[in-house]
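Observations on the model geometry
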Amino acid sequence: IRRKRRSKASHSPLRMVWICIEAVLDQMRCKTMKAGFEFNIMVVGQSGLGKSTLVNTLFKSKVSRKSCAPDYEEKISKTVKLHSVSHLIEEKGVKMKLTVIDTPGFGDQINNDNCWEPIVKYVNEQYEKYLREELHINRKRRIPDTRVHCCIYFIPATGHRLRPIDVEFMKRLGKIVSIVPVIAKADTLTIEERQEFKERIRQDLAANGIHVYPQREYDEDPEERILNNRIRENIPFAVVGTDKEHQVNGNKVLGRKTKWGIIEVENVAHCEFANLRDLLIRSHLQDLKDVTHNIHYETYRVRRLNESNLNFSELGLSAVPLENGTADKCESDSHL
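Residues numbered from 1 in each chain as written. Predicted model: local features only at pLDDT ≥ 70, side-chain atom pairs only at ≥ 80, totals over all residues. Heavy atoms only, no water.

- An unreviewed UniProt entry lists the protein under the name Septin-type G domain-containing protein, with Sphaeramia orbicularis as the source organism.
- Turning to the protein, the UniProt annotation filed under Sequence similarities (unreviewed entry) states: "Belongs to the TRAFAC class TrmE-Era-EngA-EngB-Septin-like GTPase superfamily. Septin GTPase family."
- Comment text from UniProt for the protein, heading Subcellular location (unreviewed entry), reads "Cytoplasm, Cytoskeleton". (UniProt positions renumbered as here; feature names shortened; annotations may be inferred.)

1. Observations concerning unusual backbone geometry
- Along the chain, Tyr-213 connects to Pro-214 via a cis peptide bond; the corresponding omega equals 0 degrees.
- Structurally, the position occupied by Pro-214 is in the loop between helix H7 (191-207) and helix H8 (222-234).
- Each neighbour pair has its own omega, and for Ile-235 with Pro-236 the value is 0 degrees, a cis peptide bond.
- One can find Pro-236 in the loop between H8 and strand S6 (237-238).
- In this structure, Lys-185 is a non-glycine residue whose phi angle is positive, near 50 degrees.
- If you trace the backbone, Lys-185 turns up in the loop between strand S5 (179-183) and H7.
- Judged by relative accessible area, Lys-185 falls into the partly exposed class, the value being 38%. (Helix = DSSP H or I, 4+ residues; strand = E, 2+ residues; numbered from the N terminus. Buried < 20%, exposed > 50% of the residue type's maximum accessible area, 1.4 Å probe, protein only.)

2. A look at H8
- With 13 residues, H8 should cover 18 Å at 1.5 Å per step; its first-to-last C-alpha distance of 19 Å lies within 8% of that length.
- All of the buried residues in H8 are Glu-224, Asn-228, Ile-231 and Arg-232. For H8, the arc enclosing every buried residue in end-on projection is 100 degrees, short of the 170-degree limit, so these residues lie on one face. In H8, the exposed positions angled more than 90 degrees off the buried face are occupied by Pro-222, Glu-223, Ile-226 and Glu-233.
- Check the buried side of H8 and you find it contacts H7, S6 and helix H9 (273-283). (Expected span 1.5 Å × (residues − 1). Arc of directions from axis to C-beta. Contact = heavy atoms within 4.5 Å.)

3. Observations regarding the sheet that holds strand S8 (residues 251-258)
- The three strands lie next to each other as S7-S8-S9, forming an open sheet whose pairing is antiparallel. Since the sheet does not close on itself, it has two edges, and those belong to strand S7 (245-248) and strand S9 (261-264), each with one partner. Strand-to-strand twist in this sheet, taken as the mean axis angle between neighbours without regard to direction, amounts to 70 degrees.
- Pairing of S8 with S9, which is carried by four bridges, proceeds in the antiparallel orientation. Note on S9: the bridge partner recorded for Thr-258 is Gly-261. (Pairing = 2+ DSSP bridges. Axes fitted to C-alpha atoms, helices over the stretch in contact; angles between N-to-C directions.)

4. Quick word on a nonpolar patch on the surface
- A surface patch of nonpolar side chains, about 540 Å² in accessible area, is lined by Ile-19, Ile-21, Val-24, Leu-25 and Met-28.
- On the secondary structure map, Val-24 appears in helix H2 (residues 23-35).
- Using a relative accessible area of 40% as the deciding quantity, one classes Val-24 as partly exposed. (Patch = residues over 30% accessible without salt bridge, like charges linked within 9 Å, V, L, I, M, F, W, Y side chains within 5 Å. Areas by Shrake-Rupley, 256 points an atom, 1.4 Å probe, with all protein chains shown as cover. Salt bridge = Lys/Arg side-chain N within 4 Å of Asp/Glu carboxyl O.)

5. Quick look at the side chain of Thr-99
- Relative to the helices and strands, Thr-99 is located in strand S3 (residues 94-102).
- Within polar-contact distance, the side chain of Thr-99 engages the side chain of Asn-40 at 3.4 Å. (Polar contact = N/O pair within 3.5 Å; in protein donor to acceptor, adjacent residues only side chain to side chain.)

6. A look at the sheet that holds S5
- Read across the sheet, six strands follow the order S2-S3-S1-S4-S5-S6 without closing on themselves; strand pairing throughout is mixed. Across the chains shown, the open sheet's two edge strands, defined by having one partner strand only, are strand S2 (83-91) and S6.
- The pairing of strand S4 (residues 150-155) with S5 spans five bridges and is classified as parallel. Paired with Cys-151 across the strands is Ile-179, a residue of S5.

7. Topic: the pattern of salt bridges
- Under the criterion given, the structure shown has 17 salt bridges.
- A salt bridge links Arg-132 to Glu-128; its shortest N-O distance comes to 3.4 Å. Here Arg-132 pairs with Glu-128, and both are found in helix H5 (residues 117-135), just four residues apart, close to one helical turn.
- Put simply, Glu-196 and Arg-200 hold a salt bridge, and the shortest N to O gap is 3.7 Å. With Glu-196 and Arg-200 both in helix H7 and four residues apart, the pair spans about one turn of that helix.
- Its relative accessible area of 45% is what places Glu-196 among the partly exposed residues.
- Look at Arg-200 and you get partly exposed, because its relative accessible area is 25%.

Here it is in structure tokens:
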């Protein structure tokens, strides 16, 4: 009987060869830390609601327009004027260029008809600027991003319902930018009043078809949906802002001191500032940028490119003839 010889290879165990795909994450992290990133946030609301203070509290820096000018004097503007202030914030080697766009004059007049138009115009102008840069034949390796990634809308703590100006603003802006509504100076309401006010606001948002961030249709997986559902249950966030520290049980905390006690800004039992900070910075900052680029900007880009009167000369570009006599659409078209 002839025995078949078994090859030695059949006895050798299979070896798992790792190619270190996870190293790509380290490469991306190093590249991002070197280049840094941009985040543009707009604050909208009438004067006296603490917009500048809240932004300073969020980023633990003097980043508002008031903080940048020591001789700044608050004056009620006759029209809505937009002011942007940029700062470079660095933490643990990560650099972020933060731009805060303020809207002084919004809602401060007796007649507030169409007071949202300058804001809508500004948002669309940033999309247009980005589109022009993308369509350049010799475009920059990294296009400066001035698009508004998030709009924090401040609702006064009246305890009633949304005002007509609130409804009209969020209906128009909600289609072109991610809106996060907050109840300003929420410490003027009791806990019960605050919960009732929040419920009325959610009812008004649903009744008027207003979609605020994060939208349900953008949830990508069950895990993200669970997280976003918790956020949606808390919207609008009832917040308190301050840059002053006080001693509480031997610890320094950010808070507002009243004759009844100290309202701790970062204490979730006192207000929902911590929830807002987690949404904007710790959990959804990149998602806000992705929604801006993939949803809002993409909608604007498609509309502009489909307009019948849009041509290269309007965008300040020139078509380059190819050898076959056709116009060069450049490789950015295929990328877009």
